[in-house]
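Below, each chain spelled out in residue letters.
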Amino acid sequence: MTEIKKIAQLKQLLFGLEKDLGIQDLGLVKQNILYAATLVSIGNTPIETDSIRNHELLTQVARSTFFKAIKELVDAEYLRHVGGAKRSHYLLTEKAKGN
């Protein structure tokens, strides 16, 4: 099996999982924000914006695009602000966790 075929199969598997979670239509930036937030989160500890923004999945995302996507994820109830803070700390919601 070629390397590209392996990648294609992984991509197909990932798409199926994204579809199961209902995130297939979010777009790449919002998906990557959710992935990064999941990877840096520790239990129910609030996630700092910089921890998400500086993750390698988001290094090529413009600052304005990042914050627009964060707002849209909050509006769609995948993330929520912690303690009324608008941009500093977030928690993944049950919707984001697939529960």
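These lines cover the structure that appears in this document, whether it is placed above or below.

So, about the overall build of the protein chain. Across its full length, the protein chain carries 5 helices and 3 strands. Going from the N terminus to the C terminus, the protein chain shows its helices and strands as α-α-β-α-α-β-β-α. Each of the three principal axes of the protein chain carries a C-alpha extent, and together these read 50 × 30 × 25 Å. Relative to its 99 residues, the protein chain shows a buried fraction of 30%. In the form shown here, the protein chain has an accessible surface area of approximately 6700 Å², with 55% of it arising from carbon and sulfur atoms.

For Asn 32, the position within the fold is in helix H2 (residues 28–40). When sequence neighbours within four positions are dropped, the list of residues in contact with Asn 32 reads Leu 57 and Leu 58.

Spacing of three or four residues puts side chains on the same side of an α-helix, whose turn is 3.6 residues. Compared with an ideal rise of 1.5 Å per residue, which puts 19 residues at 27 Å, helix H1 (residues 3–21) spans 27 Å between its outermost C-alpha atoms and is within 8% of the ideal. Positive backbone phi, approximately 80°, marks Gly 22, located one or two places after H1.

Moving on, we come to the pattern of salt bridges. Under the definition given, this model contains 5 salt bridges. What emerges from the salt-bridge pattern is a single network uniting Lys 30, Lys 68 and Glu 72.

Turning to a nonpolar patch on the surface, a few remarks are in order. Together, Leu 10, Leu 13 and Leu 17 give the surface a local cluster of nonpolar side chains, amounting to about 310 Å² of exposed area. Within the secondary structure layout, Leu 17 lies in helix H1.

Take the packing of aromatic side chains next. Each pair of aromatic rings is reported with the distance of its centres and the angle of its planes. A complete count under the given rule lists 1 aromatic pair for this structure. Plain terms: the ring middles of Phe 66 and Phe 67 are 5.1 Å apart, the flat faces sit at 85° to each other, and that makes the pair edge-to-face. Just above the ring of Phe 66 sits the side chain of Arg 53; from NZ or CZ to the centre is 5.5 Å.

How each quantity is defined
Residues numbered from 1 in each chain as written. Predicted model: local features only at pLDDT ≥ 70, side-chain atom pairs only at ≥ 80, totals over all residues. Heavy atoms only, no water. Helix = DSSP H or I, 4+ residues; strand = E, 2+ residues; numbered from the N terminus. Buried < 20%, exposed > 50% of the residue type's maximum accessible area, 1.4 Å probe, protein only. Areas by Shrake-Rupley, 256 points an atom, 1.4 Å probe, with all protein chains shown as cover. Contact = heavy atoms within 4.5 Å. Expected span 1.5 Å × (residues − 1). Salt bridge = Lys/Arg side-chain N within 4 Å of Asp/Glu carboxyl O. Patch = residues over 30% accessible without salt bridge, like charges linked within 9 Å, V, L, I, M, F, W, Y side chains within 5 Å. Phe/Tyr/Trp six-rings, centres within 6.5 Å; stacked < 30°, edge-to-face > 60°. Lys NZ or Arg CZ within 6 Å of the ring centre and 35° of its normal.

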